[in-house]
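# Working through the structure, step by step
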Amino acid sequence: MLTLADVVEGLTGQRPPQMDQELTEVVIDSRLAIPGSLFIALRGERRDGHDFVPDALERGAIAAIVERKLEVGCWMLDVRQKPLQLPTSNFQLPACFVVEDSLAALQRLAAYWRAKHDVRVVGVTGSVGKTTTKELIASVLSRRFRTLKSEGNYNTEIGLPLTLLHLEPSHERVVLEMGMYALGDIAQLAAIARPHIGVVTNVGPVHLERLGTIERIAQAKSELPAALPEDGVAILNGDDPRVRAMAEKTKARVFYYGVDESCDLWASHIESKGLEGIRFLFHYGSETIHAKVPLLGRHSVHTALAAAAVGLVEGESWGEIMDGLRNATQLRLVVVPGLRGSTILDDTYNASPASTIAALNLLEELEGRKIAVLGDMLELGTYEEEGHRKVGRRAMDVVALLVTVGKRARIIGEEALFWGMDKDRVFMTEDKGEAIAHLRQIVAPGDIILVKGSRGMRMEEIVAALAMTNEQ
């Protein structure tokens, strides 16, 4: 386990002769502090973690990383001093370590701790499907290896280091999701995590508002394969031309997956079984394997392919791979019983044009009257209007009733009307309460209701209002 001595050595390169106390947890939220934990005080846009150091210590934290000396009844060691004078006898708990930058200290400590462990790391990035792919890869690898994975969407310059600090000597594999906001972000995460395997799912217009062009998004995602060592493996979606082209960026061996027969691992005879999952055939060399996976929608075959590819690269048997795939859970889209015997497809975690069209494709495969409740898709930049219009055209083909929420989502409704959808089948509003009231009037037994929108739209409030537990 990580000790206080490790913290000092990770931050300074010098190991103190004492401080062998083991840490139970590393937290950035004082409310999560437990006895024996380390609290890292980060400065945010709204809150300063230094204001919560007393709370963390009160909850049992034995140490904190801070950027300034505090009057909190804490023994202070300023690790900024050159040369560093390590204590020999006056060390006390709780201890506060003063650094120049708490975030940089967290990252430096995580890189140090990662370097101390002989473990193989899998990095996962892409515009859509990172978290589900990461979870499925971890499920496959855990059949043979003791596997650590990033929890939830811990894929940032904060979340990824926190995950690495949970490494233990018994871990054999680590699966890390890698997100980005700007060029260089994934390269920085890779420098900390030192991945052997890099999986790239796809490139789409997510974060276009920040990066400006789809080419720059592809450039940002390519930082993962570019960071791999020569004895590593870049596992690339061969059906996405921008991802396939990343083979030119890496020194590692390239392994393609997809539905194209030219891929190293490919799938055919893909069949959706609705809410029961998908069936298809894996093809790998001369082998053909029948698969049934509890993931929803035909598009989920790429998630299964990516996870199986990692299993194959890591030497797992098809039995282990299939066991991992069969034990997968649908992470993002959740099926919820709705009022009056309806069924809600809760896909409210986030939204992009590609993921929304994929959700509509799933909706089309299901039995029942189809209702789509779609909110604004954010951070699309110059692709905003075109992306919403594409969703509107697809919705017109699929749904019996369309409800849009938000100024941008109105484009979806307007596009559906333009292509011939009846006015009485489209309801456009900017108010979630108004949308809920309308839905409560029209929902009938057997309806299938898709609810989806960007995270900032808080579309889960609509799901909660329509859930069976709230039926009146």
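Anything mentioned here points back to the structure above.
The following paragraphs examine the structure supplied in this document.

Calculation criteria
Residues numbered from 1 in each chain as written. Predicted model: local features only at pLDDT ≥ 70, side-chain atom pairs only at ≥ 80, totals over all residues. Heavy atoms only, no water. Helix = DSSP H or I, 4+ residues; strand = E, 2+ residues; numbered from the N terminus. Rg over C-alpha atoms; globule rule 2.2 N^0.38 Å. Contact = heavy atoms within 4.5 Å. Areas by Shrake-Rupley, 256 points an atom, 1.4 Å probe, with all protein chains shown as cover. Axes fitted to C-alpha atoms, helices over the stretch in contact; angles between N-to-C directions. Parallel < 35°, antiparallel > 145°, perpendicular 65-115°, else oblique. Left-handed = near helix turned anticlockwise from the far one by under 90°. Core = buried A, V, L, I, M, F, W, Y, C linked by side-chain atoms within 4.5 Å. Buried < 20%, exposed > 50% of the residue type's maximum accessible area, 1.4 Å probe, protein only. Salt bridge = Lys/Arg side-chain N within 4 Å of Asp/Glu carboxyl O. Pairing = 2+ DSSP bridges. Phe/Tyr/Trp six-rings, centres within 6.5 Å; stacked < 30°, edge-to-face > 60°. Lys NZ or Arg CZ within 6 Å of the ring centre and 35° of its normal.

## Section: the overall build of the protein
Counting its secondary structure elements, the protein contains 17 helices and 20 strands. For 472 residues, the compact-globule formula gives about 23 Å, and the C-alpha radius of gyration of the protein, at 25 Å, lands near that figure. For the protein, the spread of C-alpha atoms along the principal axes amounts to about 80 × 55 × 40 Å. Contacts in the protein between residues at least 24 apart in sequence constitute 63% of all its contacts with a sequence separation of at least 6. By element, 47% of the accessible surface of the protein is carried by carbon and sulfur atoms, the whole surface being about 19,900 Å².

## Let's talk about the packing of helix 4 (residues 130-141) against helix 12 (residues 318-326)
At their nearest, the axes of helix 4 and helix 12 sit 7 Å apart, and the two run at 135° to each other. As summarised for this structure, helix 4 and helix 12 are arranged oblique, according to the angle between their axes. Here helix 4 runs over helix 12; the crossing is right-handed. Contacts between helix 4 and helix 12 pair L136, S139 and V140 from the former with E320, I321, G324 and L325 from the latter.

## Re the nonpolar core
With 64 residues, the main nonpolar core has V7, M19, L38, F97 and L164 as its most contacted residues. Ranked by the residues each element gives to this core, the list is headed by helix 3 (residues 102-115), at six residues. In contact with L38, other than residues within four places in its own chain, are V7, L23, E25, V26, V27, A63, A64, I65 and L109.

## A word on the pattern of salt bridges
Under the definition given, this model contains 27 salt bridges. Put simply, R80 and D78 hold a salt bridge, and the shortest N to O gap is 2.9 Å. Judged by relative accessible area, which is 17%, D78 ranks as buried. The salt bridge involving R144 is made with E320; its shortest N-O contact spans 3.0 Å. Here E320 lies in helix 12 and R144 lies in the loop between helix 4 and strand 7 (147-149), a separation of 176 residues in the sequence. Among the residues examined, E320 registers a relative accessible area of 19% and is labelled buried. One connected set of salt bridges, linked through shared partners, spans E385, R389, R393 and E415.

## Re the environment of K292
For K292, the location among the structural elements is in strand 14 (residues 287-293). A C-alpha to C-alpha distance of 36 Å links K292 and H117, two positions 175 residues apart in sequence. Beyond its immediate chain neighbours, meaning those up to four positions away, K292 contacts E276, I278, R279, M322 and R326.

## Observations regarding the pairing of strand 13 (residues 278-284)
In terms of burial, strand 13 is a largely internal element, five of the seven residues being buried. Relative to strand 13, strand 12 (residues 265-272) runs antiparallel, the two being bridged by six bridges. Bridge assignment links W266 to a residue of strand 13, and that residue is H283. Between the end of strand 12 and the start of strand 13, which pair antiparallel, lie five residues, with G274 showing a positive phi angle near 65°. Where strand 13 lies against strand 14, seven bridges are found, and the strand directions are antiparallel. Bridge assignment links F282 to a residue of strand 14, and that residue is I289. What sits between the antiparallel neighbours strand 13 and strand 14 is a turn of two residues, in which G285 has the positive phi angle 60°.

## Considerations on the packing of aromatic side chains
All chains considered together, the criterion is met by five aromatic pairs. Both rings, one in F280 and one in F282, keep their centres 4.8 Å apart while their planes meet at 80°; by these two values the pair is edge-to-face. Overall, the relative accessible area of 0% leaves F282 in the buried class. The ring of F145 has R173 lying over it, and the distance from NZ or CZ to the ring centre is 3.8 Å. Here the guanidinium or amino end of R244 rests over the ring plane of Y256, the centre of that ring lying 4.3 Å away.

## Some words on the sheet that holds strand 20 (residues 448-452)
Spatially, the six strands line up as an open sheet ordered 15-16-20-17-18-19, and their pairing is mixed. The outermost strands of the open sheet, each flanked by one partner alone, are strand 15 (334-337) and strand 19 (426-429). Averaged over neighbouring strand pairs, the angle between their axes works out to 15° when direction is ignored. Taken together, the four bridges between strand 18 (residues 401-405) and strand 19 define a ladder with parallel strand orientation. If you follow L402 over to strand 19, its bridge partner there is V426.

## As for unusual backbone geometry
Geometrically, the link from L93 to P94 is a cis peptide bond, its omega value of 0° lying close to zero. Within the element layout of this structure, P94 appears in the loop between strand 4 (75-78) and strand 5 (95-98). Non-glycine residue M19 carries a positive phi angle of around 65°. Residue placement: M19 occurs in the loop between helix 1 (4-12) and strand 1 (26-27). With relative accessibility at 1%, the residue M19 sits in the buried group. Look at R194: it is not a glycine, yet its phi comes out positive at around 50°. Structurally, R194 can be placed in the loop between helix 6 (185-193) and strand 9 (197-200).

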